[in-house]
Amino acid sequence: MKFLHYLIILPFVAAAVWAVCCATSSEHGISFAPWKEYFINPHLVLACCTIFGYILGRIGAWFGYSPMRRDLRQQRKANRVLNKEQAKLNETVSGLKQDIVGLQEKAKNQAESSDKAKKSGWWRGFKGAKKG
């Protein structure tokens, strides 16, 4: 990434150095060696240098944050995988909760039926005894 950064930045810097070295100052403004008859306002040069510096700074910041963007992409990918696993586990847990509720109801019904069998058996034995 550093190589790509320098590959982009160095031509800009070389052009800026060439422009500054070729510029000459006079009372009319700044002129460049190939075009000595054309003068440029110093405020315009200052504005262009400011814009140039801003662009170089943005390029540097973009390359500086590239490792963070890579880590962020990896984290998003890992989060997607974890979310899928969590959804599967939630389905499993809800199924297990339903099974537990069903087993509790079944145990309760069996307990009630055994109580009824005991009560009815006692009553049945008392009631059903043959008088003989």
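Residues numbered from 1 in each chain as written. Predicted model: local features only at pLDDT ≥ 70, side-chain atom pairs only at ≥ 80, totals over all residues. Heavy atoms only, no water.

## Thoughts on the overall build of the chain
For clarity, the cut-off: The numbering of helices and of strands both runs from the N terminus, where a helix is a DSSP run of H or I of at least 4 residues and a strand a run of E of at least 2. Categorising residues by exposure relies on relative accessible area from a 1.4 Å probe, with only protein chains included: less than 20% of the type maximum marks a residue as buried, more than 50% marks it as exposed, and the intermediate range marks it as partly exposed. In this description, contact between two residues means that some pair of their heavy atoms is separated by no more than 4.5 Å. For the accessible areas, the method is Shrake-Rupley and the probe is 1.4 Å, while residue cover comes only from the protein chains on display.
When helices and strands are tallied, the chain shows three helices and three strands. Reading the chain from its N terminus to its C terminus gives the helix and strand order α-β-β-β-α-α. By the burial criterion, 8% of the 132 residues in the chain qualify as buried. Considering only contacts in the chain between residues 6 or more positions apart, those separated by 24 or more positions represent 41%. Total accessible area computed for the chain in this model is approximately 11,700 Å², and 65% of it derives from carbon and sulfur atoms.

## Overview of a nonpolar patch on the surface
So the rule is basically this: Surface patches are defined over residues having more than 30% relative accessible area and no salt bridge, joining like charges when they lie within 9 Å and nonpolar side chains (Val, Leu, Ile, Met, Phe, Trp, Tyr) when within 5 Å. We define a salt bridge as a side-chain nitrogen of Lys or Arg found within 4 Å of a carboxyl oxygen belonging to Asp or Glu.
The grouping of Phe3, Leu4, Leu7, Ile8 and Phe12 at the surface amounts to a nonpolar patch, some 490 Å² of accessible area in total. Within the secondary structure, Phe3 sits in helix α1 (residues 2–22).

## Looking at the packing of aromatic side chains
Applied cut-off: When two rings of Phe, Tyr or Trp (its six-membered ring) have centres within 6.5 Å they constitute a pair, described as stacked for plane angles under 30 degrees, edge-to-face for angles over 60, and tilted for the intermediate range.
Taken as a whole, this structure holds one aromatic pair when the rule is applied. Taking the centre distance of 5.0 Å and the plane angle of 85 degrees together, the rings of Trp62 and Phe63 count as edge-to-face. By relative accessible area, Trp62 is classed as partly exposed at 46%. In this structure Phe63 comes out as buried when scored by relative accessible area, which is 8%.

## Digging into the pattern of salt bridges
Taken as a whole, this structure holds one salt bridge when the rule is applied. In this structure, the salt-bridge partner of Asp71 is Arg70, at a minimum N-O distance of 4.0 Å.

## Here we look at the state of the cysteines
Worth spelling out the cut-off: Count a disulfide wherever a pair of cysteine sulfur atoms falls within 2.5 Å.
Enumeration over the complete set of coordinates arrives at zero disulfides. Its sulfur unpaired, Cys48 is 7.0 Å from the next cysteine sulfur, which belongs to Cys49. The class for Cys48 is partly exposed, based on a relative accessible area of 45%.

## What about a positive patch on the surface?
Stated formally: Think of it this way: Lys and Arg go in the positive column, Asp and Glu in the negative one, and His and the chain ends go nowhere. Note that the charge is assigned to NZ on lysines, CZ on arginines, CG on aspartates and CD on glutamates.
A grouping of Arg73, Arg76, Lys77, Arg80, Lys84 and Lys88 is seen on the molecular surface, where their side chains present a positively charged patch. When you line up the elements, Lys77 lands in helix α3 (residues 66–127). For Lys77, a relative accessible area of 57% gives the class exposed.

Just geometry here; none of it tells us what the structure is for.
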